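Structural overview for review
The lines below spell out each chain.
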Amino acid sequence: VRQNSLRACPLAGNLFVPKTFDRSKAHPALVVSHPMGAVKEQSANLYATKMAEQGFITLAIDLPGWGESEGPRNLVSPEMYAEAFSAAVDFLGTQPFVDRSRIGAIGICGSGSFVISAAKIDPRMKAIATVSMYDMGAANRNALNHSQTLEERKQIIAAAAERGGADILINN
């Protein structure tokens, strides 16, 4: 599966269906994303497979910049990762065999914090779950072992505000 996100980073995913899959019926669906630093084939596929065995259509995705998804490599971007969940919901919502009123998401480890961020702004996600969630937002704000000072954080925020929307791509 390939799906563009808002920032035009094509995402890659693996789609799993239940053994009792009936293309003529609408099924509940889940987006599943991997831990930080991993790819969909490592753990997201396992969770997606197990949830498909329970009757869900599942889409295991690579976050932007990881695995087969496009995007800047070695970048930690909680905003782009949260956006990836919405792009995956976009894809699932276009499938005639998915019940659009029953789409949820699972975030594993670092993706646990990204799925919460995504669900706060995307009401199409009706349920979310996290597995061994790691708070990547706090890690990003405070740096490793809280090594970033408040003054350093303020400088980063000021630099980002100065850039404005320079990194946003708009496709017409």
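Check the entry above for the structure.
It should be emphasised that the depicted structure is a prediction, and the values quoted were computed from it without experimental measurement.

Cut-offs used in this document
- Residues numbered from 1 in each chain as written.
- Predicted model: local features only at pLDDT ≥ 70, side-chain atom pairs only at ≥ 80, totals over all residues.
- Heavy atoms only, no water.
- Axes fitted to C-alpha atoms, helices over the stretch in contact; angles between N-to-C directions.
- Helix = DSSP H or I, 4+ residues; strand = E, 2+ residues; numbered from the N terminus.
- Parallel < 35°, antiparallel > 145°, perpendicular 65-115°, else oblique.
- Left-handed = near helix turned anticlockwise from the far one by under 90°.
- Contact = heavy atoms within 4.5 Å.
- Nonpolar A, V, L, I, M, F, W, Y, C, P; charged D, E, K, R; others polar.
- Polar contact = N/O pair within 3.5 Å; in protein donor to acceptor, adjacent residues only side chain to side chain.
- Expected span 1.5 Å × (residues − 1).
- Buried < 20%, exposed > 50% of the residue type's maximum accessible area, 1.4 Å probe, protein only.
- Core = buried A, V, L, I, M, F, W, Y, C linked by side-chain atoms within 4.5 Å.
- Phe/Tyr/Trp six-rings, centres within 6.5 Å; stacked < 30°, edge-to-face > 60°.

1. Digging into the packing of helix α2 (residues 78-93) against helix α3 (residues 111-121)
Interaxial distance between α2 and α3 falls to 8 Å at its minimum, and their mutual angle equals 70°. In terms of orientation, α2 and α3 fall into the roughly perpendicular class. Read as a crossing pair, α2 and α3 show a hand that is right-handed. Along the contact surface, α2 presents P78, Y81, A82 and F85, while α3 presents S111, F114, V115, S117 and A118. Among the residues forming the contact of α2 with α3, the class breakdown is 7 nonpolar, 2 polar and no charged.

2. Side note on unusual backbone geometry
For C109, which is not a glycine, the phi torsion comes out positive at approximately 55°. With respect to the helices and strands, the residue C109 is situated in the loop between β5 (98-108) and α3. Even without glycine at this site, H146 takes up a positive phi of about 55°. As for its placement among the helices and strands, H146 is situated in the loop between α4 (136-142) and α5 (150-163).

3. Regarding the side chain of T58
Within the secondary structure, T58 sits in strand β4 (residues 57-61). Among the polar contacts made by the side chain of T58, one reaches the main-chain carbonyl oxygen of A48 at a distance of 3.0 Å. In this structure T58 touches N14, L15, F16, L30, A48, M51 and A52, once residues within four positions along its chain are discounted.

4. A few points about α2
With 16 residues, α2 ought to run about 22 Å at 1.5 Å a step, and its terminal C-alpha atoms sit 23 Å apart, in line with that. Most of α2 sits inside the fold, with 14 of its 16 residues counted as buried.

5. Focus: the nonpolar core
Nonpolar side chains tend to gather and get buried jointly when the protein is soluble and globular. Of all hydrophobic cores here, the largest spans 27 residues; its most connected members are V31, I61, L63, F85, L92 and V98. Secondary-structure elements contributing two or more residues to this core are β3 (27-33), β4, α2, β5 and α3. Ranked by size, the runner-up nonpolar core spans 7 residues in total, among them L30, A44, A60 and I108.

6. What about the environment of A44?
When you line up the elements, A44 lands in helix α1 (residues 44-53). Judged by its relative accessible area of 0%, A44 is buried. Sequence-wise, A44 and V31 are 13 residues apart; in three dimensions their C-alpha atoms are separated by 9.2 Å. The residues touching A44, leaving out its near neighbours within four places in the chain, are V32, S33, H34, A60 and I108.

7. Things to note about the packing of aromatic side chains
The geometry of an aromatic ring pair comes down to the distance between the two centres and the angle between the two planes. Enumeration over the complete set of coordinates arrives at 2 aromatic pairs. Measuring from ring centre to ring centre gives 5.2 Å for F21 and F97, while their planes differ by 90°; the resulting arrangement is edge-to-face. Here F97 lies in the loop between α2 and β5 and F21 lies in the loop between β2 (10-16) and β3, a separation of 76 residues in the sequence. Under the relative-accessibility criterion, F21 is labelled partly exposed at 25%. Here F97 falls in the buried class, since its relative accessible area comes to 5%.

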